[in-house]
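Residue-level structural notes
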Amino acid sequence: MTILIIWLIAFGLIAYFANQRWNSGVSRGLDKMLPSILKSHGSNRNMWVIVLAVLGATTLVQPVEMLLVVILLGLIGWGIMALVNWAGNKTHH
């Protein structure tokens, strides 16, 4: 129960501060990190604030699990890219 309360407090604080600072830097910082198809360009403010708050609160409460998920997703992405490159080399144009 304590972890849930800590997560809810962290979620609320991160969402509040991300929403308050959206125009002064959060939107621009988010657009710098994301690929072009996912860029916010200032729109979808509520969705991105909630996403940032969920990721931030979960990282604060369970940092090891989040690190393992990031490593796992990186390995899966690396494997897919290797498979795509291998398949691309096998095709004849």
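Residues numbered from 1 in each chain as written. Predicted model: local features only at pLDDT ≥ 70, side-chain atom pairs only at ≥ 80, totals over all residues. Heavy atoms only, no water.

Points about the overall build of the protein
The number of helices and strands found in the protein is four helices and zero strands. Secondary structure elements in the protein, listed N-terminal to C-terminal, are α-α-α-α. Along the three orthogonal principal directions, the C-alpha set of the protein runs to about 55 × 35 × 15 Å. Across the 93 residues that make up the protein, the buried fraction comes to 16%. (Helix = DSSP H or I, 4+ residues; strand = E, 2+ residues; numbered from the N terminus. Buried < 20%, exposed > 50% of the residue type's maximum accessible area, 1.4 Å probe, protein only.)

Here's the deal with a nonpolar patch on the surface
A cluster of nonpolar side chains, namely Met1, Leu4, Ile5, Leu8, Ile9, Leu13, Tyr16 and Phe17, defines an oily patch on the protein surface of about 860 Å² accessible area. Tracing the backbone through its elements, the reader meets tyrosine 16 in helix α1 (residues 2-20). (Patch = residues over 30% accessible without salt bridge, like charges linked within 9 Å, V, L, I, M, F, W, Y side chains within 5 Å. Areas by Shrake-Rupley, 256 points an atom, 1.4 Å probe, with all protein chains shown as cover. Salt bridge = Lys/Arg side-chain N within 4 Å of Asp/Glu carboxyl O.)

Quick notes on the packing of helix α2 (residues 22-33) against helix α3 (residues 45-61)
The interhelical angle for the contact between α2 and α3, taken along N-to-C directions, is 75 degrees, at an axis separation of 12 Å. One element, α2, and the other, α3, form an angle in the roughly perpendicular class. Touching Trp22, Asn23, Val26 and Leu30 of α2 are Arg45, Trp48, Val49 and Leu52, all from α3. The residue inventory of the contact of α2 with α3, partitioned by class, reads six nonpolar, one polar and one charged. (Axes fitted to C-alpha atoms, helices over the stretch in contact; angles between N-to-C directions. Parallel < 35°, antiparallel > 145°, perpendicular 65-115°, else oblique. Contact = heavy atoms within 4.5 Å. Nonpolar A, V, L, I, M, F, W, Y, C, P; charged D, E, K, R; others polar.)

Points about α3
Given a rise of 1.5 Å per residue, 17 residues ought to cover 24 Å, and the 24 Å separating the end C-alpha atoms of α3 matches this to within 8%. Among the residues of α3, those classed as buried are Trp48, Val49, Ala53, Ala57 and Thr58. Looking at the buried positions of α3, the neighbouring elements they touch are α1, α2 and α4 (63-90). (Expected span 1.5 Å × (residues − 1).)

What about the packing of aromatic side chains?
Tallied over the full model, the rule gives two aromatic pairs. Plain terms: the ring middles of tryptophan 7 and phenylalanine 11 are 5.3 Å apart, the flat faces sit at 10 degrees to each other, and that makes the pair stacked. Residue tryptophan 7 and its partner phenylalanine 11 are both found in helix α1; the two are separated by four residues, about one turn of the helix. Take tryptophan 7: its relative accessible area is 22%, and that puts it in the partly exposed class. (Phe/Tyr/Trp six-rings, centres within 6.5 Å; stacked < 30°, edge-to-face > 60°.)

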